[in-house]
Amino acid sequence: MQDPPTTLRIIQELAAGWLSIPAIIGSHMRAASYFLNCGTEAQKEHYLPLLAKGKLIASHAYNELAVHDSKVLGTTLRHDSGNWILNGSKHWVTNALDSDFIIIIARLVDKESSHRLVAVLLKRERYDELQMIDLVRPGIKGVSLCEVTCNQIKIDPDRETIGGITVDVTPVLKLASAAKYLNFAARSLGCAQAIVSHCAKLLKLRNASSLHPVALHRFGEMQSKLYACESMFERALQNYSSDQQDEIAAMSAKVFCGQELQNIIRHAINLLGGAGYASQDSFLERCYRDAASLQVSGTTLDVVCTKLAANYLENYHV
């Protein structure tokens, strides 16, 4: 957690093996960041070592359908008749079915504020009070992805909120913004590297002199796209630091690497033909399905592009 660049390189390496693994790690580490930045000393002492060792696995519930502003989150923690009541639905909660606890980000509704965000900690023993539906999807099937609904759940504010009811976790969400974009760029890059390596191994098994010039040309294109992704990611990583995060570079890396991964996969299928599309080795087929998630995970590439355009025009001077 103290060395984001190293963490991102680990995510990149894991993505080369299987995109389901960094999905679990990403959600786990986002949940851990609330303890690190907002937790009480007792919570930090108890949870952080267990999370670091993997003895406890966390999932993070923030996203809601059609909600892009944290100030209007539909999930609320409201004081009612002497109790704190949690209500609302979260979509795309990674690893919810298999985690030891879920951190649910809710909007605190009280007399003083309706915009403060709190992190509610629900342990596995309370999962029977939640409605969890594993969502149908084409890829990333090595991890659960759920819609989680809270309906009139009574919360103990002292034991089941991170840092207490008065702590606003909004800064943690903002702090994680650039790292989140880079996290998905790292996943795209790792997967792209694995695909190019996979194609290279299969091509080496063939007689080099028998390779069609079109095949060599296509593989060369794949290499150039991969090199561009690596360069973009490295530049964004260099611009990232805990003191000054370059969110524009991170967003650009997410968009570019995510789009080029799709191009690399299409090139690989055409390059390998039947050996890539239908074979006993399911690697390329799995990558094809899993990589689709990187176009929409976190924030969709289309939405990130609109943010990049708005930022550029705002700062452009004729």
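Residues numbered from 1 in each chain as written. Predicted model: local features only at pLDDT ≥ 70, side-chain atom pairs only at ≥ 80, totals over all residues. Heavy atoms only, no water.

Caption draft 1: Broad picture of the overall build of the protein chain. When helices and strands are counted, the protein chain shows ten helices and seven strands. In summary, the protein chain has a C-alpha radius of gyration of 22 Å against a globular reference of 20 Å for 318 residues, a match within 12%. Overall size of the protein chain, expressed as C-alpha extent along the three principal axes, is 80 × 55 × 35 Å. When the 318 residues of the protein chain are sorted by exposure, 48% land in the buried category. Across the protein chain, contacts joining residues at least 24 apart in sequence account for 75% of those joining residues at least 6 apart. If you sum the accessible surface of the protein chain, you get close to 16,100 Å²; carbon and sulfur atoms cover 53% of it. (Helix = DSSP H or I, 4+ residues; strand = E, 2+ residues; numbered from the N terminus. Rg over C-alpha atoms; globule rule 2.2 N^0.38 Å. Buried < 20%, exposed > 50% of the residue type's maximum accessible area, 1.4 Å probe, protein only. Contact = heavy atoms within 4.5 Å. Areas by Shrake-Rupley, 256 points an atom, 1.4 Å probe, with all protein chains shown as cover.)

Caption draft 2: Quick peek at the pairing of strand β5 (residues 117–123). Of all seven residues that make up β5, six are buried, and the element is covered over most of its length. As defined by bridge partners, strand β4 (residues 101–109) adjoins β5 across seven bridges and the pair is classed as antiparallel. Within the sheet, the bridge partner assigned to Phe101 lies in β5 and is Lys123. (Pairing = 2+ DSSP bridges.)

Caption draft 3: Fine view of the side chain of Glu64. Inspection of the secondary structure puts Glu64 in the loop between β1 (58–61) and β2 (76–80). For Glu64, the side chain forms a polar contact with the main-chain nitrogen of Gly74, separated by 2.7 Å. When sequence neighbours within four positions are dropped, the list of residues in contact with Glu64 reads Leu73, Gly74, Thr75, Ser89, Lys90, His91 and Trp92. (Polar contact = N/O pair within 3.5 Å; in protein donor to acceptor, adjacent residues only side chain to side chain.)

Caption draft 4: Representation of the packing of helix α7 (residues 247–272) against helix α9 (residues 283–291) within the structure. Two numbers describe how α7 lies on α9: the axes approach to 10 Å, and their chain directions differ by 155°. With respect to α9, the element α7 is oriented roughly antiparallel. When the axes of α7 and α9 are compared, the crossing they make is left-handed. Packed against α7, whose contacting residues are Leu261, Gln262, Ile265, Ala268, Ile269 and Leu272, the element α9 presents Leu284, Cys287, Tyr288 and Ala291 at the interface. Taken together, the residues that form the contact of α7 with α9 break down as nine nonpolar, one polar and no charged. (Axes fitted to C-alpha atoms, helices over the stretch in contact; angles between N-to-C directions. Parallel < 35°, antiparallel > 145°, perpendicular 65-115°, else oblique. Left-handed = near helix turned anticlockwise from the far one by under 90°. Nonpolar A, V, L, I, M, F, W, Y, C, P; charged D, E, K, R; others polar.)

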